[in-house]
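Residue-level structural notes
Here is what each chain is made of, one letter per residue.
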Amino acid sequence: MATFRSLLFAVPALLCFACTTTSPEHHQPLDAGEWRNSKSRMYQDLALQCLQARDHERAQRLLQQAVQYDGKDTQTLELLMRLSWARGDIATADGSARMLLAARPDSIAALCTLGAVHETSGRFDDAERCYRDAVAKTKDDPRAFVDLHRFLLARGRSDEAAALRQETTSRFPRAAEPHLDLASDLAAKNQWDDARVAFDAALDARPDDPAAATGVALASVMSRRPERALALAERMPPHARAADPSLLLTLAAAHLQTGDYAAALRELDLGAASGQPERAATSILRGEVLYRTGDLDAAKASFERAISLEPEASRAHAGLGRVYARQRNWHAAARSLERAVSLQAGNGANHALLAAALAATGDREGAARHAARAKQLPGTEGLLAQFDRLWPGLAEGGAR
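Residues numbered from 1 in each chain as written. Predicted model: local features only at pLDDT ≥ 70, side-chain atom pairs only at ≥ 80, totals over all residues. Heavy atoms only, no water.

1. Here's the deal with the nonpolar core
The test is simple: Residues enter a nonpolar core if they are buried and are Ala, Val, Leu, Ile, Met, Phe, Trp, Tyr or Cys, with the set joined through side-chain atoms within 4.5 Å. For each residue, the accessible area found with a 1.4 Å probe, counting protein chains only, is set against the maximum for its type, and the residue is called buried under 20%, exposed over 50%, and partly exposed in between.
Counting 45 residues, the largest nonpolar core has Leu148 and Phe199 as the members making the most contacts within it. Core analysis: the next-biggest nonpolar cluster, separate from the first, contains 35 residues, Ala316, Ala332, Ala355 and Leu358 among them.

Printed below as a string of structure tokens:
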């Protein structure tokens, strides 16, 4: 009996022992490596959720934590590198690019990012070395060619850029970026005819590229060939135009150049109907169209709306000044044009218009001063000829 009772007391102890005894079939706890990988994946998943919610700052912090637990996960490193660069965190982009390159030496993204980091810091030889290394290693990624081409253009090495652009077009026929970069470079130099040719090449490479389409339209308008822009618009459905505010604005300007004011207003109305945010540039162009049609009250309201959206928009102040001048409200015209000139002193047309408004108010000294300034600036001959007919000798007296 005593033996039986002792066995009864021993059962709980045996059960406890059985619960803590391991066997080959029993699940082992995560080892250190597996635990770190699990933590890294958890932070990756949270970061992706933040990216979907557009919380980029928190996404970057989570990716940095993921990298701390697994510094060799190339997907996480590349995402951290791209996000950091996009957010302007150069130091983090640099560090993650170097870690990515250590884990995957043939990473084109890492090499190009390092090149961009060097370029931003003014280390141009190092930047070029990274870009050329990426070009040598790439097989099916045009990014290295695109970045090197842009680098060469920025350094003024046009011949080398042209040769590389030809090679890029041969290897990657749908790469529109080199043509777009060339077009932007030419546009910045006001070489709009050449820019239009480059934008056309970009559109040929990628017919559905909105930047190329907008570029063709803009260059056509700036080179005074609106018909090319309008021909492009005819091939595009209204919803495609409405999705691109810059394209709509450019097409409206093209209609304005051809004198089709109703069509220009339809383009602007298409943007408003699509729910696009109101922009000062749109209100200015609407004001210009309404001014041409003679609807001065509506034009005045559009220019005033533009000024409320962008108080330092010199074109809006100038437009308002022209409306007042046509209404023969010379003092108001002079005030608006003085504001336009203060914001954009190099616009000769505004100086000439201000001279006329001041002369009409009786301020002959101010009128002479601005007429003299207008004579020093290009594109003012016609306006100054009108000024001289109305106030003979006033511009010459001011010049002396």
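2. So, the layout of surface pockets
Condition: Site definitions follow a grid-based scheme: protein atoms alone, a 1 Å grid, a 1.4 Å probe that fits but cannot get out for cavities, and for pockets an open set with protein on both sides within 12 Å along at least five of seven lines, plus lining residues having an atom within 4 Å of a point. Grid points are joined across faces, edges and corners, and a volume is the space filled by probe spheres set on the points. Starting at the N terminus, helices and strands are each numbered in turn, a helix being any DSSP run of H or I of at least four residues and a strand any DSSP run of E of at least two. The residue classification treats Ala, Val, Leu, Ile, Met, Phe, Trp, Tyr, Cys and Pro as nonpolar and Asp, Glu, Lys and Arg as charged. All others, Gly included, are polar.
Size it by volume and the largest pocket reaches roughly 870 Å³. Every residue lining the largest pocket is counted, 25 residues in all, and those nearest its centre are Met222, Ala253, Leu256, Leu285 and Arg315. Of all the elements in the fold, those that place two or more residues in the lining of the largest pocket are α12 (210-222), α15 (245-258), α17 (280-293), α19 (314-326) and α21 (348-361). With six residues, the top contributor of residues to the lining of the largest pocket is α15. Here the residues of the lining of the largest pocket sort into eleven nonpolar, eight polar and six charged. Residue assignment for the lining of the second largest pocket shows that the elements contributing at least two residues are α19, α20 (330-343), α21 and α23 (381-390).

3. A word on the packing of aromatic side chains
Short version of the rule: In this scheme Phe, Tyr and Trp rings, the latter by its six-membered ring, pair at centre separations within 6.5 Å, and the angle between planes marks the pair as stacked below 30 degrees, edge-to-face above 60, and tilted otherwise. Throughout this description, the term charge over a ring refers to an Arg CZ or Lys NZ atom that lies within 6 Å of the ring centre and within 35 degrees of the ring normal.
Throughout the structure, instances matching the rule amount to three aromatic pairs. Ring plane angle 40° and centroid distance 5.4 Å describe the contact between Phe387 and Trp391, whose orientation is recorded as tilted. Side by side, Phe387 and Trp391 carry an identical accessibility label, which is buried. Over the face of the ring belonging to Tyr291 we find Arg322, whose NZ or CZ atom lies 4.8 Å from the ring centre. Sitting over the ring of Tyr291, Arg326 keeps its end group 4.8 Å from the ring centre.

4. Some thoughts on the pattern of salt bridges
Counted only if it meets this: Criterion for a salt bridge: a side-chain nitrogen of Lys or Arg within 4 Å of a carboxyl oxygen of Asp or Glu.
A full pass over the atoms with the stated rule returns 20 salt bridges. For the salt bridge of Arg157 with Glu128, the shortest nitrogen-to-oxygen distance reads 2.9 Å. A residue pair is termed long-range when its members are at least 10 positions apart, and Arg157 in the loop between α8 (143-154) and α9 (158-171) and Glu128 in helix α7 (residues 124-137) qualify at 29 residues. What makes Glu128 buried here is its relative accessible area of 15%. Connected through salt bridges with shared partners, the residues Glu128, Arg132, Arg157 and Glu160 form a single ionic network.

5. Quick word on the packing of helix α5 (residues 90-103) against helix α6 (residues 108-120)
Heads up, the rule is: Every axis corresponds to a line fitted to the C-alpha atoms, with the helix fit spanning only the stretch in contact, and the corresponding angles, defined between N-to-C directions, vary from 0 to 180 degrees. Crossings are sorted by hand: turned counterclockwise from the far helix by less than a right angle, the near helix makes the crossing left-handed, and turned clockwise it makes it right-handed. Whether two residues touch is decided by their heavy atoms; if any such pair falls within 4.5 Å, the residues are in contact.
The geometry of α5 relative to α6 is characterised by a closest axis approach of 9 Å and an angle of 145° between their N-to-C directions. As α5 runs across α6, the sense of the crossing is left-handed. Touching Ile90, Ala93, Asp94, Ala97, Arg98, Leu100 and Leu101 of α5 are Ala110, Leu111, Thr113, Leu114, Val117 and His118, all from α6. Residues belonging to the contact of α5 with α6 are distributed by class as follows: nine nonpolar, two polar and two charged.

6. Side note on the environment of His317
By the secondary structure assignment, His317 is in helix α19. Among the residues examined, His317 registers a relative accessible area of 9% and is labelled buried. Taking the C-alpha atoms as reference points, His317 and Arg339, 22 residues apart in sequence, are found 6.5 Å from one another. Beyond its immediate stretch of four places on either side in the chain, His317 contacts Ile307, Pro311, Ser336, Arg339, Ala340 and Leu343.

7. With respect to the environment of Ser308
Assignment of secondary structure puts Ser308 in helix α18 (residues 296-309). The class for Ser308 is partly exposed, based on a relative accessible area of 48%. Counting along the chain gives 28 residues from Ser308 to Ala280, while the straight-line C-alpha distance between them is 8.2 Å.

8. So, the packing of helix α10 (residues 177-188) against helix α11 (residues 192-205)
This is how it is decided: Angle categories are assigned with fixed cut-offs, so that under 35 degrees is roughly parallel, over 145 is roughly antiparallel, 65 to 115 is roughly perpendicular, and the rest are oblique.
Running from N to C, α10 and α11 point in directions that differ by 165°, and their axes come no closer than 8 Å. Here α11 runs roughly antiparallel to α10, going by the angle between their axes. Considering the relative orientation of α10 and α11, their crossing is left-handed. The segment α10 lies against α11, with His179, Leu180, Leu182, Ala183, Ser184, Leu186 and Ala187 engaging Trp192, Asp194, Ala195, Ala198, Phe199, Ala201 and Ala202.

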